Amino acid sequence: MIKTALITGATSGIGKATAYEFAKNGIRLILCGRRQERLQAIKKELETLTEVYTLSFDVRDNAGVKNAIHSLPDNFKHIDILINNAGNAHGLDPIQTGSIEDWDAMMDINVKGLLYVSRAIIPQMTERKSGHIINIGSSAGKEVYPKGNVYCGSKHAVLAITEGMRIDLNPYGIKVGAVNPGLVETEFSKVRFKGDKIADTVYDGFKALQAEDIADIIYFVISRPYHVNIADLLVFPTAQANSTTVKKEL
Ligand code: NDP
Ligand code: 8X3
């Protein structure tokens, strides 16, 4: 039977690459993000491969999230796979000078947004006693690095919430896991550094992970047999040993 996946943050980077990978494999798609034009363009490209529906909402807006999920047409209402991917780092500052606006964005999007989307979808999974949820964490959810404070906090929260989901949803046979990448070359650094030119140098001197590498892994995770749940996966580019050790050739 054809499965349906809802991907948040599908307008760019890891979410977009996952949409392409899933489409190649015939998975019906619900693509989410704030940038409507991008969603439409991706839908147009992928519609030759699979059925695609787009939902434009900000994950920070719980009412908007609920309305969007509620508005799904019948043929997209049954969600088998949820990829909680929307998120970003905002800023890289020591705690004493950090921006409250950046902190709010990271906690509201990476943590609360993930919760809002999950809360809107999980009840249909518990009712059917089936489903698969993948939360995109980060190596920043496993170790804290200088000036990473609140972003690392948000991703540590994602890991704790993933574990909590896995425990609570265990009686329902729902799979829950986290995929935690190190450095991936996406629009992530442009958002983190707000377009500052330092954003263009983050991936210089080494081969960073590409969004497609993570999409491959996500497809691998969702295509295992039912009895296999990849609960927690950490992936670095070969040049990276941990958050602060990256072999660069400049
Ligand atoms: P991108 O900046 O390329 O993509 C981020 C996606 O999140 C966009 O599609 C964006 O869509 C969406 N998004 C951001 N804020 C909101 C919001 N308020 N409401 C709805 N959607 C939102 O970054 P990545 O692909 O790299 O990041 C994806 C995930 O991977 C994030 O959770 C990130 O923390 C994680 N990650 C990234 C790593 C990296 O090095 N790049 C490493 C480890 C983890 P739109 O703006 O259209 O709403
Ligand atoms: C993204 C990886 O090292 O920029 O989550 O925090 S890092």
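Residues numbered from 1 in each chain as written. Chains lettered and ligands numbered in written order. Predicted model: local features only at pLDDT ≥ 70, side-chain atom pairs only at ≥ 80, totals over all residues. Heavy atoms only, no water.

1. With respect to the packing of helix H5 (residues 100–128) against helix H6 (residues 149–169)
What counts is decided by this rule: Angles run from 0 to 180 degrees between N-to-C directions of axes, and those axes are lines fitted to C-alpha atoms, restricted for helices to the stretch in contact. Segments assigned H or I by DSSP are reported as helices when at least four residues long, segments assigned E as strands when at least two residues long, and all are numbered from the N terminus. Any angle that is under 35 degrees is reported as roughly parallel, and any over 145 degrees as roughly antiparallel; angles of 65 to 115 degrees are reported as roughly perpendicular and all others as oblique. Should the near helix be turned anticlockwise from the far one by less than a right angle, the crossing is termed left-handed; should it be turned clockwise, right-handed. Whether two residues touch is decided by their heavy atoms; if any such pair falls within 4.5 Å, the residues are in contact. Only Asp, Glu, Lys and Arg are considered charged, only Ala, Val, Leu, Ile, Met, Phe, Trp, Tyr, Cys and Pro nonpolar, and every remaining residue, Gly among them, polar.
Orientation of H5 relative to H6, taken along the N-to-C sense of each, is 15°, at an axis distance of 9 Å. Between H5 and H6, the angle is such that the two are roughly parallel. Where H5 crosses over H6, the two elements pack in a sense that is right-handed. Within the contact between the two elements, H5 uses Trp103, Met106, Met107, Asn110, Val111, Leu114, Leu115, Ser118, Ile122 and Thr126 and H6 uses Asn149, Val150, Tyr151, Ser154, Lys155, Ala157, Val158, Ile161, Met165 and Leu169. Of the residues belonging to the contact of H5 with H6, the class tally is 14 nonpolar, five polar and one charged.

2. Concerning empty space enclosed by the protein
Worth spelling out the cut-off: Residues are said to line a cavity or pocket when one of their atoms sits within 4 Å of a point; the points come from a 1 Å grid over protein atoms alone, cavities being sets where a 1.4 Å probe fits but cannot get out and pockets being open sets with protein on both sides within 12 Å along at least five of seven lines. Grid points are joined across faces, edges and corners, and a volume is the space filled by probe spheres set on the points.
Under the defined criterion, the tally for this structure stands at two cavities of 30 Å³ or more. Forming the walls of the largest cavity are 15 residues, and the residues nearest its centre are His90, Asp93, Trp103, Met106 and Asn149. For the lining of the largest cavity, the secondary structure elements donating two or more residues are H5 and H6. For the lining of the largest cavity, the per-class residue count stands at five nonpolar, six polar and four charged. Of the volumes computed, that of the second largest cavity is approximately 40 Å³. Lining the second largest cavity are Thr8, Val59, Asn84, Asn85, Ala86, Ile109, Gly113, Leu114 and Val117. Here the residues of the lining of the second largest cavity are counted per class, giving five nonpolar, four polar and no charged.

3. Quick word on the layout of surface pockets
By rolling a water-sized probe across the atoms, one finds the places where empty space is left. Approximately 1100 Å³ is the volume found for the largest pocket. Around the largest pocket, the lining comprises 50 residues; the ones closest to its centre are Asn88, Tyr151, Thr186, Phe188 and Ser189. Elements that contribute at least two residues to the lining of the largest pocket include exactly helix H1 (13–24), strand S2 (28–33), H6 and helix H7 (188–192). Among the elements that make up the lining of the largest pocket, the one with the highest residue count is H7 (four residues). A class-by-class count of the residues in the lining of the largest pocket yields 23 nonpolar, 19 polar and eight charged. By volume, the second largest pocket amounts to about 230 Å³. Forming the boundary of the second largest pocket are Met1, Lys3, Asp80, Ile81, Ser130, Gly131, His132, Gly173, Lys175, Ile222, Arg224 and Tyr226. Classifying every residue of the lining of the second largest pocket by side-chain character gives four nonpolar, four polar and four charged.

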